[in-house]
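# Coordinate analysis (summary)
One letter stands for each residue in the lines below.
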Amino acid sequence: MLFAMYLPTKVFQASPLLSDEDLEGLASVFAGGGVAAIPTETVYGLAADVFHEGALREVFRVKGRPADNPLIAHVGTLAHLEGLVESPSGLFIRLAERFWPGALTLVAPRSCRVPDLVSGGLATVAVRMPSHPCALQILQRSGPLAAPSANLSGRPSPTAAAHVLDDFAGAIPLIVDGGAANFGIESTVISTVGERAVLLRPGAIAREKIEAFLGMRLEDPKKGGAPLSPGMKYRHYAPKAKVLLVESRQELEALQKEGVYVPPSIGTENLYAELREADRLQKQAIAIHVDAEMLSNEALMNRLEKATS
Ligand code: TXA
Ligand code: MG
């Protein structure tokens, strides 16, 4: 509650769950078209009622997000799919039953009730049921919420309430502090359209795990065509500091001597926190040692490549 004393942004502590009073307060914020940052097991989300146009516009405005980049609709129960997804396919249901609640986002044909701002004008909608107990509590009380990651567009995603405050203090009314995000990297996004499983964004759930469950390879998005996941075409996850990927220890030590920030070790859980740390320390550059284990982590390498590009 320390921040709440001198910033207009209020911070609700979930320890580990929210009180009934806080849940009620949040539900009325969302019903009234307000926005609030909420914790999930992947990264924090900037949430708004999925059917409230004004609140959705506020999410885009606050983040500085391009209007053609659609949002993920977060649900608290399968009943929330009604009004979002147009008759879920067999593939959609199998994946949802296996991986929800959890860090898998499924893209499916949308219901006509889904606002264009949520779907970015596409014929589809992205949906996930997060497993963070506090996120579930909020969704079950407030109904489905659209939520992009709670960072300024292009900045590293927030894995702690303090990161959300860094980007949005004074710009949003409320942050729910549910502790550090477990995974620290965004959900895996899979299209289920036409009963074909296409990996649109590697993420917290490894490709191999999903392929093992389905008993088939995930397809790659078509090269050259319009990006199937519009967000993937934007520069992302980048701190102000230049991000250097280094394979040799010697080079790493030399860079460190020159004043470059060298985090002790990097995994999906602390990548974004360390990118933000480089900026907090006002470093010109951050050097990340890439080893064989990291090279085999598709989601981590995807984010690192985006942060360096
Ligand atoms: O873990 C996560 O997914 C976090 C937490 C808050 O749930 N959310 C998140 O949202 O990463 P955002 O907005 O930062 O990323 C959503 C991604 C973007 O790449 C977007 O283009 C894609 O999902 N997406 C959303 N709707 C889509 C759709 N209908 N078709 C294809 N891609 C879609
Ligand atoms: Mg994001």
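None of these values were measured; they are calculated from a predicted model.

Our focus in this paragraph is the nonpolar core. Core analysis: the biggest nonpolar cluster contains 55 residues, and Leu95, Trp100, Leu104, Ile190, Ile210 and Ile288 have the highest contact counts within it. Three or more residues apiece are contributed to this core by two domains, here domain 1 (3–214) and domain 2 (242–308).

Now for the side chain of Ser111. Structurally, Ser111 is set in the loop between strand S5 (104–109) and helix H4 (116–119). On the basis of relative accessibility, which here comes to 6%, the residue Ser111 falls in the buried class. A polar atom in the side chain of Ser111 sits 3.0 Å from the backbone nitrogen of Arg113. Once residues lying within four places of it in the same chain are set aside, the contact partners of Ser111 are Gly83, Leu84, Val85 and Glu86.

The buried fraction of helix H6 (residues 161–168) is high, at 6 of 8 residues. Buried residues along H6 sit in contact with strand S1 (10–13), strand S2 (36–38), strand S3 (45–49), helix H2 (53–63), strand S8 (174–177) and helix H9 (271–280). Gly170 occupies a position one or two residues after H6 and carries a positive phi of about 85°.

Turning our eyes to something else, we now look at the pairing of strand S10 (residues 198–201). Side-chain direction in a regular strand flips from residue to residue, so the side chains alternate between the two faces of the sheet. As paired strands, strand S9 (residues 188–191) and S10 are joined by 3 bridges and run antiparallel to one another. Looking across to S10, one finds that Ile190 is bridged to Leu199.

When the parts of a complex come together, some accessible area is lost, and that lost area is often taken as the interface size. Under the domain assignment, the protein chain is made up of domain 1 (3–214) and domain 2 (242–308). One C-alpha centre belongs to domain 1, the other to domain 2, and the line joining them spans 27 Å. Between domain 1 and domain 2, the contact holds 21 residues from the first and 12 residues from the second. Per-residue buried area on domain 1 facing domain 2 is highest for Pro156, Ile185 and Pro202; these three make up 41% of the total on that side. Where domain 1 meets domain 2, there are 4 salt bridges. With its nearest N and O atoms 3.1 Å apart, the salt bridge here joins Arg207 to Glu298. Taken together, the links from domain 1 to domain 2 amount to 9 residue pairs in polar contact (both at pLDDT 80 or more). Counting residues per element, the ones that place at least two in the side of domain 1 that touches domain 2 are H6 and S10. Ranked by the residues each element gives to the side of domain 1 that touches domain 2, the list is headed by H6, at 3 residues.

Our next topic: helix H5 (residues 133–142). Counting buried positions along H5 yields 7 of 10 residues, so the element is predominantly enclosed. Those residues of H5 lying buried are Cys134, Ala135, Leu136, Gln137, Ile138, Leu139 and Ser142. At its buried positions, H5 is contacted by helix H1 (20–31), S2, strand S4 (72–74), strand S7 (145–146) and S8. Following H5 by one or two positions, Gly143 has its phi on the positive side, about 90°.

As a further point, take the side chain of Asn151. Position of Asn151 among the secondary structure elements: in the loop between S7 and H6. Leave out the neighbours within four places in its chain, and Asn151 touches Lys63, Pro156, Ser157, Pro158, Asp167, Phe168 and Arg276.

In this structure the tally under the stated criterion is 2 aromatic pairs. Relative to Phe213, the ring of Phe99 lies with its centre 5.7 Å away and its plane at 85°, an arrangement referred to as edge-to-face. One end of the pair, Phe99, is in helix H3 (residues 90–99); the other, Phe213, is in helix H7 (residues 207–214), with 114 residues separating them in the sequence. The class of Phe213 is partly exposed, set by a relative accessible area of 31%.

About the thresholds
By convention here, each chain's residues receive numbers from 1 onward along its written sequence. Following the order in which they are written, the chains are lettered starting with A and the ligands numbered starting with 1. This being a predicted model, a pLDDT of at least 70 is required before a residue's local features are given, and a value of 80 or more before pairs of side-chain atoms are given or counted; all residues contribute to the totals for chains, interfaces and linings. Neither water nor hydrogens contribute to the side-chain values; these are computed over all heavy atoms in the structure. As used in this record, nonpolar core signifies buried Ala, Val, Leu, Ile, Met, Phe, Trp, Tyr and Cys residues forming a set joined through side-chain atoms within 4.5 Å. The cut-offs for exposure are 20% and 50% of the maximum accessible area for each residue type, with area from a 1.4 Å probe on protein chains only; residues under the lower value are buried, those over the upper are exposed, and the others partly exposed. The domain boundaries here were taken from an automatic or database domain assignment. Helix numbering and strand numbering both begin at the N terminus, where a helix is a DSSP run of H or I of at least 4 residues and a strand a DSSP run of E of at least 2. N or O atoms closer than or at 3.5 Å make up a polar contact, with two conditions inside protein: a donor-capable atom paired with an acceptor-capable one, and, for residues adjacent in sequence, both atoms drawn from side chains. Contact definition: two residues touch when any of their heavy atoms are within 4.5 Å. Pairs of strands are assigned from DSSP output, requiring at least two bridges between the strands. Buried area adds together the accessible area that both of two parts lose upon being put together, with accessible area traced by a 1.4 Å probe. Any Lys or Arg side-chain nitrogen found within 4 Å of a carboxyl oxygen on Asp or Glu counts as a salt bridge. Each Phe, Tyr or Trp ring (for Trp, its six-membered ring) is paired with any other whose centre lies within 6.5 Å, and the angle between the two planes then decides the class: stacked below 30 degrees, edge-to-face above 60, tilted in between.

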